[in-house]
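# Observations on the model geometry
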Amino acid sequence: MPDESFRDQVVIVTGASAGIGRALALQLAGQGARVAVAARRADRLEQVAAEGRQRGGTLLVVPTDVADETQCQALIDKTVGAFGRLDMLINNAGLAATALLEQFPNLGLFRQVMDVNFHGAVACTYYALPHLKRTRGRVVAISSVGGKAALPYNTPYISSKFALQGFCDSLRMELQPHGVSVTVICPWWVVTEFHEAQLDQAGRPRGPRGRAFYTPNMMTAERCAALTLEAAWRRRREVVLGPGWLAAWLKLLAPGLLDWVTVKVFLEPVIRRARAQGRTTE
Ligand SMILES: NC(=O)c1ccc[n+]([C@@H]2O[C@H](COP(=O)([O-])OP(=O)(O)OC[C@H]3O[C@@H](n4cnc5c(N)ncnc54)[C@H](OP(=O)(O)O)[C@@H]3O)[C@@H](O)[C@H]2O)c1
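Presented here is an overview of the structure given in this document. (Residues numbered from 1 in each chain as written. Predicted model: local features only at pLDDT ≥ 70, side-chain atom pairs only at ≥ 80, totals over all residues. Heavy atoms only, no water.)

### Re the overall build of the chain
Assigned secondary structure in the chain consists of 9 helices and 9 strands. Radius of gyration (C-alpha) of the chain: 19 Å, near the 19 Å computed for a compact globule of 282 residues. Projected onto the principal axes, the alpha-carbon positions of the chain cover approximately 55 × 40 × 35 Å. Relative to all contacts within the chain whose residues are 6 or more apart in sequence, the contacts with residues 24 or more apart total 72%. As displayed, the chain offers around 13,300 Å² of accessible surface, 55% of which is attributable to carbon and sulfur atoms. In the chain, 33 side chains carry a positive charge and 24 a negative one; their mean positions are 3 Å apart. (Helix = DSSP H or I, 4+ residues; strand = E, 2+ residues; numbered from the N terminus. Rg over C-alpha atoms; globule rule 2.2 N^0.38 Å. Contact = heavy atoms within 4.5 Å. Areas by Shrake-Rupley, 256 points an atom, 1.4 Å probe, with all protein chains shown as cover. Lys, Arg positive; Asp, Glu negative; His and termini not counted. Charge placed at Lys NZ, Arg CZ, Asp CG, Glu CD.)

In structure tokens:
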């Protein structure tokens, strides 16, 4: 990919206040793109915008809660109003709520995760479509390996990412005649604020202990962003990162074996830890 592939292109990045979205916005700014950065925390967006301008980009801050369809529409309208066109939409905003399904006191958190990770992406894409068709542009979705192979203790997140994958696969065929590409990125673990922000069954963020399993070898947000932009530039249909492809293949070839390994590696330790701390998972 040339160094300035996205120069002068108009790009929207949702979830740009932290992690992968922030890295995407800054790399696009470094290429001379015009970037609308969206998320709920306006102060964080202003910091990203200031850094992006120093790198040579033109940045527009649009505080947005993607769970609100009206705000998604306003994000698209304000971006096109300011820059006159739209070349790429990156649906990146996301969060997770982790617990056994039966531990959630009601379905409020389940809906919240679906509203952000899935309906938010659908709404932004819906309102962006006429503009993207005009520019033969690009839709990018940051999904997850969890959108290919399920994890227990994560039903809201996994459901949202499977839904996002299906939405993108269906939309890709609809947009092919219009020259608009749809690229799905499925990251494995990436070092961001994601696991701190993860909510428990009561809706409390896990905080710094969420990062306890991070290792120096894990993918950085910058690397994930660079791979995403490369894939978007080449209009790839899908990129599964890290060892995620192994899980995706095992799901097809030996789903029972994958379930067994996943329970051993992911669920049993969670249950052991909860029991050791005197909490119940039953
Ligand atoms: N990190 C990983 O290991 C990993 C692995 C696979 C997939 N992913 C996916 O990568 C994407 C980015 O996550 P990340 O790892 O960069 O996490 P992060 O550092 O926690 O960033 C998440 C971003 O989403 C935004 N967001 C959350 N709720 C929002 C809402 N209602 N409206 C608008 N923006 C919202 C947050 O901003 P505000 O709080 O300011 O709104 C933040 O900018 C997510 O879709 C996630 O599922 C991450």
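### Side note on the pattern of salt bridges
A pair can form between side chains of opposite charge whenever their charged atoms are brought close. Tallied over the entire structure, the rule returns 12 salt bridges. Residues Glu 230 and Arg 234 are paired through a salt bridge, measuring 2.6 Å at the closest nitrogen-oxygen approach. Its relative accessible area of 47% is what places Arg 234 among the partly exposed residues. A cluster of three or more residues bridged by salt bridges with shared partners is formed by Arg 22, Glu 51 and Arg 55. (Salt bridge = Lys/Arg side-chain N within 4 Å of Asp/Glu carboxyl O. Buried < 20%, exposed > 50% of the residue type's maximum accessible area, 1.4 Å probe, protein only.)

### Digging into the nonpolar core
Of all hydrophobic cores here, the largest spans 39 residues; its most connected members are Ile 12, Leu 86, Leu 132 and Leu 175. At the level of secondary structure, the elements contributing two or more residues to this core comprise strand 1 (10-14), strand 2 (34-39), helix 3 (69-83), helix 4 (108-135), strand 5 (138-142), helix 5 (155-175) and strand 6 (181-186). Looking at which element gives the most residues to this core, the answer is helix 4, with 10 residues. For Leu 86, the residues in contact, after removing those within four places along its chain, are Val 10, Val 11, Ile 12, Thr 79, Val 80, Ala 128, His 131, Leu 132 and Thr 135. Among the nonpolar cores identified, the runner-up in size contains 34 residues, and Val 11, Ala 16, Val 48 and Ile 142 belong to it. (Core = buried A, V, L, I, M, F, W, Y, C linked by side-chain atoms within 4.5 Å.)

### Observations regarding the packing of aromatic side chains
Taken as a whole, this structure holds 8 aromatic pairs when the rule is applied. Here the aromatic rings of Tyr 157 and Phe 194 are separated by 5.5 Å at their centres, their planes lie at 55°, and the arrangement is tilted. With a gap of 37 residues between them, Tyr 157 in helix 5 and Phe 194 in helix 6 (residues 194-197) connect regions that are remote in the sequence. According to the relative accessible area criterion, Tyr 157 is buried, its value standing at 12%. The interplanar angle of 70° and the centroid separation of 5.1 Å between the aromatic rings of Phe 213 and Tyr 214 together place this pair among those described as edge-to-face. Residue classification places Phe 213 among the partly exposed residues on the basis of a relative accessible area of 34%. Tyr 214 sits in the buried class, given a relative accessible area of 15%. Three or more aromatic residues joined by ring pairs make a cluster, and in this case those are Trp 188, Trp 189, Phe 213, Tyr 214 and Phe 266. (Phe/Tyr/Trp six-rings, centres within 6.5 Å; stacked < 30°, edge-to-face > 60°.)

### Observations regarding helix 3
With 15 residues, helix 3 should cover 21 Å at 1.5 Å per step; its first-to-last C-alpha distance of 21 Å lies within 8% of that length. The secondary structure elements touched by the buried residues of helix 3 are strand 1, strand 2, strand 3 (58-63) and helix 4. With a side-chain oxygen lying 2.9 Å from the backbone nitrogen of Thr 70, the N-terminal cap of helix 3 falls on Asp 68. Directly after helix 3, the chain includes Gly 84, whose backbone phi takes a positive value near 85°. (Expected span 1.5 Å × (residues − 1). Polar contact = N/O pair within 3.5 Å; in protein donor to acceptor, adjacent residues only side chain to side chain.)

### As for the sheet that holds strand 9 (residues 238-240)
Taken together, the 7 strands give an open sheet; going across it, the order is 3-2-1-4-5-6-9, and neighbouring strands pair in parallel fashion. A single partner strand is all that each edge strand has here, and the edge strands are strand 3 and strand 9. On average, each strand axis in the sheet is tilted by 15° relative to the strand beside it, whichever way the strands run. Bridge count between strand 4 (residues 88-91) and strand 5: 4 bridges; the pairing is parallel. Considered in strand 5, the bridge of Asn 91 is made with Ala 141. Across the face of the sheet, helix 5 comes into contact with strand 5, strand 6 and strand 9 while running at roughly 155° to strand 6. (Pairing = 2+ DSSP bridges. Axes fitted to C-alpha atoms, helices over the stretch in contact; angles between N-to-C directions.)

### Some details on a nonpolar patch on the surface
The grouping of Trp 245, Leu 246, Trp 249, Leu 252 and Leu 253 at the surface amounts to a nonpolar patch, some 640 Å² of accessible area in total. When you line up the elements, Leu 253 lands in helix 8 (residues 244-253). On the accessibility criterion, Leu 253 (67% relative accessible area) is exposed. (Patch = residues over 30% accessible without salt bridge, like charges linked within 9 Å, V, L, I, M, F, W, Y side chains within 5 Å.)

### Considering the site of the ligand
Of all residues adjacent to the ligand, which total 29 residues, the nearest are Ser 17, Arg 40, Arg 41, Tyr 157 and Thr 192. One of the side-chain N or O atoms of Tyr 157 is found 2.6 Å from an oxygen atom in the ligand. Between the ligand and Phe 194 there is a distance of 3.3 Å, counted from an oxygen atom to a backbone nitrogen or oxygen. Taken by itself the ligand offers 890 Å² of open surface, and the protein chains cover 96% of this. Those elements giving two or more residues to the shell around the ligand turn out to be helix 1 (19-30), helix 5 and helix 6. (Near = heavy atom within 4 Å.)

Read these as layout, nothing more, since geometry by itself doesn't imply function.
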